Amino acid sequence: MDINLNDLIEGCMQTIDKKMKNLNKLNIVVVGKTGVGKSTLINNIFRERLVETGTGAPVTAHMVKITKEDFPLTIYDTRGFELGQDSQREIRNELLEKIKEGSSSGDINKAIHCVWYCVSATSSRFEPQEMEWIKAFTEESSIYHIPVIVVLTQAYGKKAQEMKKYIESLNMHVIQVVPVLAEDMEINDEYCVKAYGLDTLIEIMQEALPNEMVDTLMSVQQVNLKLKQKRAQAAVAAGAVAAAAAGAAPIPFADAAVLVPTEITMLASITAIFGFDISKAVLTTLISSIVGTSGATFAGKAIVSNLFKLIPGLGTLAGGAISAATASTMTIALGEAYIGVMTAMFKGEITPKDLETKQGKQKITDMFKKELKQKR
């Protein structure tokens, strides 16, 4: 099974594109008064800046739909909550109708998956009508099992913790009360409160959402690296199982390129979880750095051969066969090295341009060798 390296890259690009396009649409409703920091929260927790002045299409008298092309997330932002009880009642009814509509469609992409009720921790208190709204909403929406999270925005200092304890004491049917500070807050020239809590909100959402929505959540969020890594490692584990199954035969070394589709699927899954827009040039650099060539063509069995040359003691397998353990080892090392690259990009330690340098390519190769050594 010979594979042209360019075809390998194209196949991987197509699989990544398919993975991204097939992510389910995550739909979140954000409720709260004007000025509580809803826009700041949304723009800082997701990797696309969704909320700008004047954006969003009205879907009801009090609800605006905010979305972006080719981004699997929709925010329904409620408006006019501060106008009084009549407006709040209308918002609740409109939201319940939207939830019912999505549920009746039978399409997970149209369903409402989560509600954030936002209240500013700088407020003098959590008002009784807010408690009544949440209780009425959770009772009326209980048959749809929509998780409701109270998000304490602009939360810093002792007052925020006191408000959190007070809301928790009300025993409302909410998943959790989460204090967040979406952006660093400068108190004076010498003191700045660092942003916090957004990663916790994502952790809570991951537990509350249906499993088929978790890949989407991981892809769109930009605040919890640990969860991205964990989800990516699950993709590596799945790839290793598939590779081991193929190697159980075992695979004649000359036919070892049958493992390539498994590697492509794994790399595509990891890319989708991290949510990076990987160009063909960057992907070519990543793969060629590992397989040891930057040429336009390369035989599939040669790719595998070069990979195995990096594994001490396996370079003499040319006339033999690849076992399940060997196939699994190579797949895990490749996946973990790729996660390492994605992690470095997430942290801003390297950029796509850095990967094209000699030092960048060597760093990728070293990552792969390190993973192989650890997995032996």
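Scope of this entry: the structure provided in the associated data block. Bear in mind the structure is a predicted one, so any value in this text is a computation, not a measurement.

### Quick word on unusual backbone geometry
Here comes step 1: Phi at Gln 154 is positive, roughly 50°, even though this residue is not glycine.
Here comes step 2: Tracing the backbone shows Gln 154 in the loop between strand E6 (148-153) and helix H5 (158-169).
Here comes step 3: Phi at Asn 171 takes a positive value of approximately 55°, unusual for a residue other than glycine.
Here comes step 4: By the element assignment, Asn 171 lies in the loop between H5 and strand E7 (176-179).
Here comes step 5: Overall, Asn 171 belongs to the exposed group, its relative accessible area being 62%.

### Looking at the pairing of strand E4 (residues 71-78)
Here comes step 1: The element E4 is extensively covered by neighbouring structure, given that 8 of its 8 residues are classed as buried.
Here comes step 2: Residues Phe 71, Leu 73, Ile 75 and Asp 77 point to one face of E4 and Pro 72, Thr 74, Tyr 76 and Thr 78 to the other, with burial holding for every one of them.
Here comes step 3: Alignment of strand E1 (residues 26-31) against E4, held across 5 bridges, turns out to be parallel. Each bridged residue has a counterpart across the sheet, and for Val 29 the counterpart in E4 is Tyr 76.
Here comes step 4: Where strand E3 (residues 63-68) folds back on E4, the antiparallel hairpin that results is connected by 2 residues, among which Asp 70 adopts a positive phi of roughly 65°.

### Quick notes on the pairing of strand E8 (residues 185-188)
Here comes step 1: Summarising the sheet, E8 and strand E9 (residues 191-193) pair through 3 bridges and their orientation is antiparallel. Across the sheet, the residue bridging to Met 185 is Val 193, located in E9.
Here comes step 2: Counting the residues in the hairpin turn of E8 and E9 gives 2 residues.

### Concerning the pattern of salt bridges
Here comes step 1: Applying the stated criterion across every chain yields a total of 13 salt bridges.
Here comes step 2: The salt bridge involving Asp 17 is made with Lys 21; its shortest N-O contact spans 3.3 Å. Highlighted residues: Asp 17 and Lys 21, both in helix H1 (residues 5-21), separated by 4 residues, approximately one helical turn.
Here comes step 3: Where Lys 158 meets Glu 162, a salt bridge forms, and the shortest distance between an N and an O atom there is 4.0 Å. Of this pair, Lys 158 and Glu 162 both sit in helix H5, separated by 4 residues, roughly a single helical turn.

### Thoughts on helix H12 (residues 324-346)
Here comes step 1: Here H12 spans 32 Å end to end across 23 residues, near enough to the 33 Å set by a 1.5 Å rise per residue.
Here comes step 2: Of all 23 residues in H12, 18 are buried; the element is thus mostly enclosed.
Here comes step 3: Where H12 ends, the next residue or the one after it, Gly 348, has phi of about 80°, a positive value.

### As for the side chain of Thr 138
Here comes step 1: Mapped onto the elements, Thr 138 comes out in helix H4 (residues 128-140).
Here comes step 2: With near-sequence residues (within four places) excluded, Thr 138 lies in contact with Val 148 and His 173.

### Brief notes about the environment of Glu 140
Here comes step 1: By the secondary structure assignment, Glu 140 is in helix H4.
Here comes step 2: When the C-alpha atoms of Glu 140 and Leu 96 are compared, they prove to be 7.8 Å apart, with 44 residues separating the residues in sequence.
Here comes step 3: The contact partners of Glu 140, leaving out residues within four places of it in the chain, are Arg 92 and Leu 96.

What counts, and at which threshold
Residues numbered from 1 in each chain as written. Predicted model: local features only at pLDDT ≥ 70, side-chain atom pairs only at ≥ 80, totals over all residues. Heavy atoms only, no water. Helix = DSSP H or I, 4+ residues; strand = E, 2+ residues; numbered from the N terminus. Buried < 20%, exposed > 50% of the residue type's maximum accessible area, 1.4 Å probe, protein only. Pairing = 2+ DSSP bridges. Salt bridge = Lys/Arg side-chain N within 4 Å of Asp/Glu carboxyl O. Expected span 1.5 Å × (residues − 1). Contact = heavy atoms within 4.5 Å.

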